[in-house]
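As a plain string of letters, each chain reads:
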Amino acid sequence: MKFLFFLKANIKRKKIRTFLTLGSYFAAFLLFGLLAAIKSAFHQGVDVAGANRLIVSNKTSIIMPLPLSYKEKIAEIHGVKNVTFASWFGGYYKDPKNFFAQLAVDSETYFDVYKEFKVDKNQFLDFMKDRQGCVIGKKTAEKYGFKIGDRIPIIASIWGGVWEFNLRAIYTGTKEEDDLTQFLFHASYLEERRPWGKGMVGWYIVETNNPDLAYSVSKEIDRKFSNSSYETKSDTEKAFALGFVKQIGNIELIILSIGAIVFTTLLLVTSNTMEMSLRERTGEIAVLKTIGFSDKLLYFLTVSESLFYSLLGGLLGIFTAKLFTLKGDPTGGFLPAFYISSSQIALGVLLIIVFGFFSGALPAYRVYKLKIVDALGRI
Amino acid sequence: MVNVNGKSDATSLIRARNLEKIYTRGEEEIHCLSGLNLDVEKGEFIAFMGPSGSGKTTLLNLLGGLDKPTKGSIVVNDIEITSLSENMLAQWRAKNVGFVFQMYNLLPVLTAYQNVEIPLLLTSLNKKERDEHITAALELTNIIDRKDYYPSQLSGGQQQRVSIARAIVSNPLFLLCDEPTGDLDRKSGDEVMTLLKNLSKQLNMTVLMVTHDPKTAEAADTILHLEKGVLIEGKVLK
């Protein structure tokens, strides 16, 4: 602690450089935080995927439907615990930019399969009683200021016209990464109003008795419907989500690669600044060694200074990124799960310490090896 | 009494025997010191003089444990410093040697008070004890009224006083001064030399000083000349 005034004095030595160094760390770790949030958003489906949930879709494409009659047949398969289904509605609220997923679901079974979605019991009963009722995720409700009892008009891009819904329940999640942006309503209402596609659903979600049965059940489902008009493709929910990520994987790769390059460059520049700062102080370091400061102590003080910059700037960067993500998806629906998880924050802090240490370690090694007589030019 | 023939008894504070220092520059070998002997008693004030390149500063470096000789030994207060590791040497310097440089070499971002505090950071003294030592050193060097000034706010003479306060604050065995007046005008230089002389007498402190200025050297008790890498008997002034 008694060496703290050294640190303070060095920080005040060149205020602009200190500011810029802190700024570099701040920018680098703000970027890290935002990239982490983008990565979370891309992988949200993978992260929340249940190990014992299967997605059964049309073998041709996810956008092709499956017959409603498959539900009973799937339920008969050994190892199946629950079956539910969902269909993509594809609409928007008032303006096309107000995008969030609307799904027509089998309301009696949907929440049995997605147990992580929590709905108040009374609100759920109200939803079940109302043909035009809907359940909305907490994030979407907050974003648009929806309250229980509100009448919500959705303009249907696929089916045409304005469909009106009554908000009967708001669901919450159990984990930070749970998707709280969905708009769920009765599949029966869709079935009743849509002019075509009757008796068809988008995809099935199958819950198995345990994760070990996932493989055999998926094989059995696909076998059962092989050579039919609507062949199926069954995957674990995780594999299904990964398939989605793969489709947009290039975009993710480009974003993350550019971010990583900028991040690394900022840190290299910061390390170079540290090196320059110490080079200017060569004479002073030699004087301290002359007075009796050991090589190890000076190494420690140099690395401490570097760590101070990285910790202050980096933590501020991550904190700011976290604050930014608390406001939710900045894209208006494209990245519904835009958040920084606690494990990503922990990784960020670890990186701050590692980069802080290594930014200081090389200059500190030079300090460590510095010969007093060479530095003072006393030969 | 200072002795340069290597035949003094073992009671001397500093005993240097057969010191050789050879530097290599490319393929060329430069013999800075060639079998130098020196015995210094406690409380002596010695000035080393000699032409440029005669090895004055090299000798000071060796006596201060900043560098190691190619051959020979240096024993200070019964410790052979030439056999100490770098780490041990650093500890030894912190406890036993005070350095005064020609260019003062104060840390520009620290106040006079903080500069003087630096050597005490390596001791186990607490804040209050450190403050007592610093105040005493600044009073002895008559610069206490400028303790909160930064080096850039002080004149050359004042900076050298702070530098001397820093050198004596941990009560070292001896002071090594490398051209302490080399960057000062005559008046300031005289004041600094008077201060060093008084410290030597009041604290019975051993002072070894390198200078090229005969007038500055006159403040010492003894002047020794370095020629061709060895010390030759000089003038005893006191």
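Residues numbered from 1 in each chain as written. Chains lettered and ligands numbered in written order. Predicted model: local features only at pLDDT ≥ 70, side-chain atom pairs only at ≥ 80, totals over all residues.

Here's the deal with the overall build of chain B
Here's step 1: Within chain B, the regular secondary structure consists of seven helices and ten strands.
Here's step 2: The C-alpha atoms of chain B give a radius of gyration of 18 Å, which matches the 18 Å a tight globule of 238 residues would have.
Here's step 3: For chain B, the spread of C-alpha atoms along the principal axes amounts to about 45 × 40 × 40 Å.
Here's step 4: Relative to its full complement of 238 residues, chain B shows a buried share of 50%. (Helix = DSSP H or I, 4+ residues; strand = E, 2+ residues; numbered from the N terminus. Rg over C-alpha atoms; globule rule 2.2 N^0.38 Å. Buried ≥ 20, exposed ≤ 12 C-beta atoms within 10 Å, placed from the backbone.)

Some thoughts on the sheet that holds strand β4 (residues 91-92) of chain A
Residue and element names in this part refer to chain A.
Here's step 1: With respect to topology, ten strands assemble into an open sheet ordered β4-β7-β8-β6-β9-β5-β3-β11-β1-β12, the strand pairing being mixed. Either end of the sheet is taken by a strand with one partner, and the two such strands are β4 and β12 (232-236).
Here's step 2: Here six bridges tie strand β3 (residues 80-88) to strand β11 (residues 203-208), and the two strands are oriented antiparallel to one another. Residue V83 lies in a different strand from β11, and its bridge partner there is V206.
Here's step 3: Sheet contacts for helix α5 (residues 121-129): β6 (133-137) and β8 (162-171); angle to β8, the most-contacted strand, approximately 160 degrees. (Pairing = 2+ DSSP bridges. Contact = placed C-beta atoms within 7 Å. Axes fitted to C-alpha atoms, helices over the stretch in contact; angles between N-to-C directions.)

Quick word on the interface of chain B and chain A
Here's step 1: Every contact between the two is made by 21 residues of chain B and, on the other side, 21 residues of chain A.
Here's step 2: When contributions to the side of chain B that touches chain A are tallied by element, the ones reaching two or more residues are α1 (56-63) and α2 (86-96) of chain B.
Here's step 3: In terms of residue count, α2(B) provides more of the side of chain B that touches chain A than any other element does, six residues in total.
Here's step 4: Classifying every residue of the side of chain B that touches chain A by side-chain character gives twelve nonpolar, six polar and three charged. (Nonpolar A, V, L, I, M, F, W, Y, C, P; charged D, E, K, R; others polar.)

Observations concerning the sheet that holds strand β5 (residues 79-80) of chain B
Residue and element names in this part refer to chain B.
Here's step 1: Taken in spatial order, the four strands of this open sheet run β2-β1-β4-β5, and their pairing is antiparallel. Of all strands in the sheet, those bounded by a partner on one side alone are β2 (28-40) and β5.
Here's step 2: As paired elements, strand β1 (residues 14-25) and β2 share ten bridges and run antiparallel to each other. Counted as the bridge partner of A16 is L38 from β2.

Focus on the domain arrangement of chain A
Here's step 1: Partitioning chain A into structural domains gives domain 1 (4-45 + 249-376) and domain 2 (60-230).
Here's step 2: Between domain 1 of chain A and domain 2 of chain A, the C-alpha centre-to-centre distance is 45 Å. (Domains from an automatic or database assignment.)

Quick look at the environment of A:Y215
Here's step 1: You can see A:Y215 is positioned in helix α8 (residues 214-224).
Here's step 2: Placed 21 residues apart in sequence, A:Y215 and A:T236 show a C-alpha to C-alpha distance of 7.9 Å.

Description of helix α5 (residues 156-168) of chain B
All names here are of chain B.
Here's step 1: Compared with the 18 Å implied by 1.5 Å per residue over 13 residues, the 19 Å span of α5 between its first and last C-alpha is a close match.
Here's step 2: Among the 13 residues in α5, twelve count as buried, and that is most of the element.
Here's step 3: Buried within α5 are the following residues: G157, Q158, Q159, Q160, R161, V162, S163, I164, A165, R166, A167 and I168.
Here's step 4: Tucked inside the fold, the buried residues of α5 contact β6 (97-100), α3 (112-117), α4 (127-140), β7 (174-178) and α6 (186-202). (Expected span 1.5 Å × (residues − 1).)

With respect to the environment of A:K8
Residue and element names in this part refer to chain A.
Here's step 1: Take K8: it is sitting in helix α1 (residues 4-13).
Here's step 2: The class for K8 is partly exposed, based on 13 C-beta atoms found within 10 Å.
Here's step 3: Taking the C-alpha atoms as reference points, K8 and E305, separated by 297 residues in sequence, lie 9.2 Å from one another.

Digging into the pairing of β6(B)
Residues and elements named next belong to chain B.
Here's step 1: Neither face of β6 is open: one carries V97 and F99, the other G98 and V100, and all of them are buried.
Here's step 2: In this sheet, β7 lies alongside β6 in parallel orientation, the contact comprising four bridges. When the sheet's bridge partners are listed, G98 is paired in β7 with L175.

What to know about α2(B)
Here's step 1: Taken residue by residue, α2(B) has B:L89, B:A90, B:R93 and B:A94 as its buried positions. Viewed along the axis of α2(B), the buried residues span an arc of 140 degrees, placing them on a single side of the element.
Here's step 2: Buried residues along α2(B) sit against α11 (282-291) of chain A together with β6 of chain B. (Arc of directions from axis to C-beta.)

What to know about the packing of α1(A) against helix α12 (residues 295-326) of chain A
A pair of packed helices is characterised by two quantities: the angle between their axes and the separation of those axes.
Residues and elements named next belong to chain A.
Here's step 1: In contact at an axis separation of 11 Å, α1 and α12 are set at 55 degrees when each is read in the N-to-C sense. Comparing the axis directions of α1 and α12 gives the class oblique. Regarding α1 and α12, the two cross each other, and that crossing is right-handed. Contact residues: α1 offers F6, L7 and N10, while α12 offers L301, S304, E305 and F308.
Here's step 2: For the contact of α1 with α12, a count of residues per class yields four nonpolar, two polar and one charged. (Parallel < 35°, antiparallel > 145°, perpendicular 65-115°, else oblique. Left-handed = near helix turned anticlockwise from the far one by under 90°.)

Description of unusual backbone geometry
Residues and elements named next belong to chain B.
Here's step 1: The backbone of Y104 shows a phi angle near 65 degrees, a positive value even though the residue is not glycine.
Here's step 2: You can see Y104 is positioned in the loop between β6 and α3.
Here's step 3: With a phi angle near 55 degrees, N171 is a residue other than glycine that sits in the positive phi range.
Here's step 4: In this fold, N171 is placed in the loop between α5 and β7.

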